[in-house]
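Breakdown of the fold
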Amino acid sequence: MNVAFLGLGSIGLPMARRIAGAGLPLTVWNRTASKAADFARESGARLAETPAEAARGADIVITCFPSSRELLEVMAGEQGLMAGLARGAVLLDCTSGDPANSRMIAERVEVHGVSFMDAPVSGGVAGAVKGELTVMCGGEAETLERVRPVLETFGKKIVHCGDVGTGDALKAMNNALLAIHVWSTGEALATLTKAGVDPAIALDVINASSGRSNTSMNLFPERVLTRAFPRTFRLALLEKDIGIAAGIARELRVPSPITQLAAELFTMARAELGEVADHVEAVRIVEQWAGTEIIAGPARGDSA
Ligand code: NDP
């Protein structure tokens, strides 16, 4: 089974490493060619100079770009992905894309005898390194069975969500919850800090109580209290995800004031913090507005 992987970014790179590590024949392409060359040297993967060359001869072509828009760009043109996709191949898109574009791409490739599956992932860079990602699959059940051996190299929980686009929809809603948790946990802890509670104590209690979430249990202790704010998942990508989620809810006429507001807050945070900031850095805006920092230590009461 020949596999091609395009898009060796923060999460794509460790996913490709897992595929190569499992011994599957792998060809890679990346827009910044030096990253693909480094990876090919390290892993023994074949290096392709163009998306078309990567796709040629591949049974499964995996893509992992920021959004569906970049996938559409990479598909186009004489040296684009479409030019190399072989009849009978599967285009497996691990981008956190949007359902409407995924449905359009599926129709476009099906005409050429290619099956499409949206397969966004969750679990972060650490999950990819360990091969423990959750993979949300949209498309034919039969397509999922064909790609399952590749998904199992980096995924632990592999779920068939429904038709094309449903994987994207589920991923977008999951990430909307993540964005809401980051912002609301920031508000709660900034308030408690100003009320004189050590945020480490506050988190200890919340994490043993009903307000806890992955954000309060892992992200805040490891990234906010320590002020480490490691850059693993760009805020710009989370803003894109919650924008997709808000759009789906509007399209389906689901009243969703919290999702819509959080989408606006993250758009503002992206404008303020830029394209390379990590998603947890949105807390910096909450802190700025509150006039405090969420730092573990003796209570720093503020009577203001
Ligand atoms: P990065 O920004 O780190 O990497 C993006 C990749 O896409 C790079 O390989 C980049 O190439 C390539 N790319 C960007 N624009 C273009 C373009 N116009 N044409 C061709 N290639 C392009 O993103 P991540 O790896 O973090 O995320 C990838 C996807 O996975 C996103 O949809 C994200 O939402 C999702 N995701 C990310 C997680 C994470 O923890 N990072 C977790 C779960 C999902 P180049 O090297 O040249 O910049």
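The following refers to the structure shown. Please read all numbers here as calculations on a predicted model, not as lab measurements.

Structural notes on the packing of helix α9 (residues 166-194) against helix α14 (residues 282-290)
- In the contact formed by α9 and α14, the axes pass within 9 Å of each other and the chain directions differ by 35 degrees. The element α9 and its partner α14 pack so that their crossing is right-handed. Residues V182, W183, G186, E187, A190 and K194 of α9 pack against A282, V283, I285, V286, W289 and A290 of α14.
- Within the contact of α9 with α14, the residues separate by chemical class into nine nonpolar, one polar and two charged.

A look at unusual backbone geometry
- Even without a glycine there, the phi angle at F229 is positive, about 35 degrees.
- Here F229 lies in the loop between α11 (214-224) and α12 (235-251).
- For R253, which is not glycine, the phi torsion reads 55 degrees and is therefore positive.
- Looking at where R253 falls in the secondary structure, it is placed in the loop between α12 and α13 (257-273).
- By relative accessible area, which is 75% here, R253 ends up exposed.

With respect to the pairing of strand β2 (residues 26-29)
- Alternating positions in β2 separate into two faces, L26 and V28 on one and T27 and W29 on the other, with burial throughout.
- In this structure, strand β1 (residues 3-6) lies alongside β2, joined through four bridges in parallel fashion. Within β2, the residue paired with A4 across the bridge is T27.
- Crossover connection from β1 via helix α1 (residues 12-21) to parallel β2: handedness right-handed.
- Of the pairings in the sheet, the one linking β2 to strand β3 (residues 46-47) comprises two bridges and is parallel in character. Paired with T27 across the bridge in β3 is R46.

Thresholds applied
Residues numbered from 1 in each chain as written. Predicted model: local features only at pLDDT ≥ 70, side-chain atom pairs only at ≥ 80, totals over all residues. Heavy atoms only, no water. Axes fitted to C-alpha atoms, helices over the stretch in contact; angles between N-to-C directions. Helix = DSSP H or I, 4+ residues; strand = E, 2+ residues; numbered from the N terminus. Left-handed = near helix turned anticlockwise from the far one by under 90°. Contact = heavy atoms within 4.5 Å. Nonpolar A, V, L, I, M, F, W, Y, C, P; charged D, E, K, R; others polar. Buried < 20%, exposed > 50% of the residue type's maximum accessible area, 1.4 Å probe, protein only. Pairing = 2+ DSSP bridges. Right-handed = clockwise from strand over helix to strand, strands pointing away.

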